[in-house]
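Remarks on the overall topology
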Amino acid sequence: MLDFLNTVIPNVMNKPDELWTAVVQTLYMLVVSGFIAFAFGLFFGTVLTVTAPDAIMENRRVFSTLSAVVNIFRSIPFVILLAALIPLSRFVVGTAIGTTGALVPLVIGTVPFFSRQVESALAGVDAGLVEAAKSMGSSNLGIIFRVYLKESIPNIIRVTQITSISLIGLTAMAGAIGGGGLGDFAIRYGHQRGQTDVTYVTVLVILIGVWVIQSVGNYFIRKLSH
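Quick caveat: nothing in here was measured; it's all calculated off a predicted structure.

Quick word on the overall build of the chain
When helices and strands are tallied, the chain shows 12 helices and zero strands. Going from N to C terminus, the chain has its helices and strands arranged as α-α-α-α-α-α-α-α-α-α-α-α. Along the first, second and third principal axes, the C-alpha atoms of the chain reach 70 × 40 × 25 Å. In the chain, buried positions account for 40% of the 226 residues. Just so you have it, the chain exposes about 12500 Å², and 66% of that area is on carbon and sulfur atoms. Put simply, the chain has 14 plus and 11 minus side-chain charges, and the middle of one group is 5 Å from the middle of the other.

Quick look at the packing of helix H6 (residues 86–93) against helix H7 (residues 98–123)
The contact between H6 and H7 brings their axes to 9 Å, and the two run at 115°. Classified by chirality, the crossing of H7 by H6 is right-handed. The residues of H7 that touch H6, namely those facing Leu88, Ser89, Val92 and Val93, are Thr100, Gly101, Val104, Pro105 and Ile108. When the residues that make up the contact of H6 with H7 are grouped by side-chain class, the tally is six nonpolar, three polar and no charged.

Side note on the packing of aromatic side chains
Taken as a whole and judged by the stated rule, the model has five aromatic pairs. Arranged with centres 5.5 Å apart and planes meeting at 35°, the rings of Phe38 and Phe114 form a pair that is tilted. You can see Phe38 sitting in helix H3 (residues 16–50) and its partner Phe114 sitting in helix H7, a full 76 residues away along the chain. We classify Phe38 as partly exposed; its relative accessible area is 33%. Note on Tyr219 and Phe220: the rings are 5.3 Å apart at their centroids and 80° apart in plane angle, and the pair reads as edge-to-face. Residue Tyr219 is classed as partly exposed on the basis of its relative accessible area of 41%. The exposure class of Phe220 is partly exposed, given its relative accessible area of 41%. One aromatic cluster is present, built from ring pairs that chain together Phe40, Phe43 and Phe44.

Some thoughts on unusual backbone geometry
A positive phi angle, near 70°, is found at Asp54, a position not held by glycine. Along the chain, Asp54 falls in the loop between H3 and helix H4 (60–74). Asp54 sits in the exposed class, given a relative accessible area of 73%.

Overview of the packing of H4 against H7
Orientation of H4 relative to H7, taken along the N-to-C sense of each, is 125°, at an axis distance of 8 Å. In terms of orientation, H4 and H7 fall into the oblique class. Pair H4 / H7 crosses with left-handed handedness. For the pair H4 and H7, contact is made by Phe63, Ser67, Val70, Asn71, Phe73 and Arg74 and by Ile108, Pro112, Phe113, Arg116 and Glu119, respectively. Split by residue class, the contact of H4 with H7 holds six nonpolar, two polar and three charged.

Comments concerning the nonpolar core
One recurring pattern in soluble globular proteins: nonpolar side chains tend to sit buried together. Among the nonpolar cores identified, the biggest contains 16 residues, and Ile56, Leu122, Val130, Ile143, Val147 and Tyr148 are the most heavily contacted of them. Secondary-structure elements contributing two or more residues to this core are H7, helix H8 (127–135), helix H9 (140–151) and helix H10 (153–179). In terms of residues, this core owes the most to one element, H9, which gives five residues. If sequence neighbours within four positions are ignored, Val147 has contacts with Val125, Leu129, Val130, Ala133, Gly142 and Ser152. If you look at the next biggest cluster of nonpolar residues, it comprises 14 residues, including Met29, Leu85, Ala102 and Ala174.

Here is what the cut-offs are and how they apply
Residues numbered from 1 in each chain as written. Predicted model: local features only at pLDDT ≥ 70, side-chain atom pairs only at ≥ 80, totals over all residues. Heavy atoms only, no water. Helix = DSSP H or I, 4+ residues; strand = E, 2+ residues; numbered from the N terminus. Buried < 20%, exposed > 50% of the residue type's maximum accessible area, 1.4 Å probe, protein only. Areas by Shrake-Rupley, 256 points an atom, 1.4 Å probe, with all protein chains shown as cover. Lys, Arg positive; Asp, Glu negative; His and termini not counted. Charge placed at Lys NZ, Arg CZ, Asp CG, Glu CD. Axes fitted to C-alpha atoms, helices over the stretch in contact; angles between N-to-C directions. Left-handed = near helix turned anticlockwise from the far one by under 90°. Contact = heavy atoms within 4.5 Å. Nonpolar A, V, L, I, M, F, W, Y, C, P; charged D, E, K, R; others polar. Phe/Tyr/Trp six-rings, centres within 6.5 Å; stacked < 30°, edge-to-face > 60°. Parallel < 35°, antiparallel > 145°, perpendicular 65-115°, else oblique. Core = buried A, V, L, I, M, F, W, Y, C linked by side-chain atoms within 4.5 Å.

Following this line, the structure appears as structure tokens:
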């Protein structure tokens, strides 16, 4: 088997430690930035939902301002965002390079997208359930947690899947300009040195990551759908 691999992917077999380090770096960026983006995106998506016109906490000023900010950051290409946020990255995490330096732009690039995804997921809640909760005297906070969020769990998992897969692509892009991870590994060896087997193996590893995210997400969606 080793002889076969040495023949098919010789350049990868020559640097297994570097490949493993790239995988770990990508996982680090994905998990840390994903967790932070999930928390902020869930919050902002919920705020957009409950402050919208005719919603339970209607506030046109808050809704319009937050919606405009989300739209602005969603429209900025991630490569430009990486460069523009270098000073902020240095201020927040102390560096603008490497996997840690990529965390700030990854979070800021993901939160607006996930916020809109959450807003869309919560919009699917039956208005009759909200009205029923109101008639039973539930507070706005109670409606948010016991109706909007509870009833939207499968949809929230689904949009989290979509966002996580998108985030994998962003980590690869961050790696391509010095953020480390699989993107850096593929560019440094696969592109710059013409080692195509490195590129193919990197793509395969990313596809496996996407498959794992989809499989785990689909499992919990089936379990929690009702």
